[in-house]
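For reference, the chains in residue letters:
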Amino acid sequence: MTFDKIIEDGRLWAVRYKGENVNALQKVMAQWQDAEWLADFFMQNLEDLISYFKVTDIEDAIYQTMDDRDELACIIMDISPDADLDRFFRPLDNNRTREMILGKEKGRPHRRSWLRLYAIKLNAGIYIITGGAIKLTHTMQERQHTLMELENMEKVRNFLISEKIFDDDSFTDYQQEVEP
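Residues numbered from 1 in each chain as written. Predicted model: local features only at pLDDT ≥ 70, side-chain atom pairs only at ≥ 80, totals over all residues. Heavy atoms only, no water.

Colleague: Explain the sheet that holds strand E4 (residues 103-107) to me, please; I cannot follow it from the model alone.
Modeller: To summarise the sheet geometry, strands pair through backbone hydrogen bonds and adopt either a parallel or an antiparallel arrangement. With mixed pairing, six strands are arranged side by side in an open sheet as E1-E2-E6-E5-E4-E3. Where the open sheet ends on each side, the last strands, each with one partner, are strand E1 (2-5) and strand E3 (90-91). Where E1 and strand E2 (residues 12-16) come together, four bridges link them in antiparallel fashion. Note that in E2 the partner of Phe 3 across the bridge is Val 15. Strands in contact with helix H1 (residues 24-31) are E1, E2, strand E5 (115-123) and strand E6 (126-134); relative to E6, the strand with the most contacts, it is inclined by about 30°. Those strands touched by helix H4 (residues 58-77) are E2, E5 and E6, and its axis lies near 25° from that of E5. (Pairing = 2+ DSSP bridges. Helix = DSSP H or I, 4+ residues; strand = E, 2+ residues; numbered from the N terminus. Contact = heavy atoms within 4.5 Å. Axes fitted to C-alpha atoms, helices over the stretch in contact; angles between N-to-C directions.)

Structure, rendered in structure tokens:
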């Protein structure tokens, strides 16, 4: 696994899993603008879409997803040097009350969106995106595609720990060691 810098100042990164041509952020952003991929996804998850969000029209769900994806892209592209990424990313566990080393985090374009980006927090304001999902259920454990995102976060977190990366300084040191 490698890491791609998303913003030049090094506050936002995305993991590139072994064998992948694009990083995790690029992958989900492409899926969320692909009408065919979205139609297949919503057809497979129609019951969740209806029961959790009360959306019955797949075409409406596709347009809403694309709009939210564009909003998310604007948020990421407009991250200024003084922007606080801690306001975008929140603890994955809504009941977490304290900071933890390499905390698991989530971000979304707005409160009612089903789009989620998942990340590992290196330090305040510094994150590594591990993936993203369309979350249509109350918990991530309820569906295979969101459960996979939990597993990816854990895989990245375990990799960082195995490489003795616990904060942005040790991550910077690691990146300098592996760069050609």
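Colleague: Whenever I open this one, the pairing of E4 confuses me. Can you help?
Modeller: Regular strands place their side chains on alternate faces of the sheet. Of all the five residues making up E4, four are buried; the element is thus mostly covered by neighbouring parts of the structure. Of the strand pairs in this sheet, E3 and E4 are connected by two bridges, and their pairing is antiparallel. In the sheet register, Pro 91 faces E4, and the bridge partner there is Glu 105. Two strands pair when backbone bridges link them, and E4 and E5 are joined in this way by five bridges, in the antiparallel orientation. (Buried < 20%, exposed > 50% of the residue type's maximum accessible area, 1.4 Å probe, protein only.)

Colleague: How should I be thinking about the environment of Gly 10 in this particular structure?
Modeller: Mapped onto the elements of the fold, Gly 10 is located in the loop between E1 and E2. Sequence-wise, Gly 10 and Thr 172 are 162 residues apart; in three dimensions their C-alpha atoms are separated by 8.9 Å. Residue contacts for Gly 10: discarding those within four places in its chain leaves Lys 5 and Ile 126.

Colleague: It is not clear to me how helix H6 (residues 168-178) should be interpreted in this structure. Could you clarify?
Modeller: Along an α-helix, residues three or four positions apart point the same way, because every turn accommodates 3.6 residues. Taken together, the buried positions of H6 are occupied by Asp 168, Ser 170, Phe 171, Tyr 174 and Gln 175. Projected down its long axis, H6 carries its buried residues within an arc of 160°, all on one side. Residues of H6 that are exposed and point over 90 degrees away from its buried face: Asp 169, Gln 176 and Glu 177. Elements in contact with the buried residues of H6: E1, E2, E5, E6 and helix H5 (144-162). Capping of H6 at its N-terminal end is provided by Asp 167; its side-chain oxygen lies 3.2 Å from the backbone amide nitrogen of Asp 169. (Arc of directions from axis to C-beta. Polar contact = N/O pair within 3.5 Å; in protein donor to acceptor, adjacent residues only side chain to side chain.)

Colleague: How do you make sense of the nonpolar core when you look at a structure like this?
Modeller: Proteins that are soluble and globular tend to have nonpolar side chains buried together. Leu 12, Trp 32, Phe 42, Trp 114, Leu 117 and Ile 134 are the most contacted members of the largest nonpolar core, which has 31 residues in total. At the level of elements, E2, H1, helix H2 (35-44), helix H3 (46-53), H4, E5 and E6 are the ones that each hand at least two residues to this core. If you tally residues by element for this core, the top one is H4, at six residues. Phe 3, Leu 92, Leu 122 and Phe 171 belong to the second largest nonpolar core, which has 22 residues in total. (Core = buried A, V, L, I, M, F, W, Y, C linked by side-chain atoms within 4.5 Å.)

Colleague: Sorry, what's going on with the pattern of salt bridges here?
Modeller: Any two side chains of opposite charge can pair, on the condition that their charged atoms come close. Per the counting criterion, the structure on display carries nine salt bridges. With its nearest N and O atoms 2.6 Å apart, the salt bridge here joins Arg 143 to Asp 48. Separated by 95 residues along the polypeptide, Arg 143 in the loop between E6 and H5 and Asp 48 in helix H3 bring together distant segments of the chain. Judged by its relative accessible area of 32%, Arg 143 is partly exposed. Residue Asp 48 is classed as buried on the basis of its relative accessible area of 9%. (Salt bridge = Lys/Arg side-chain N within 4 Å of Asp/Glu carboxyl O.)

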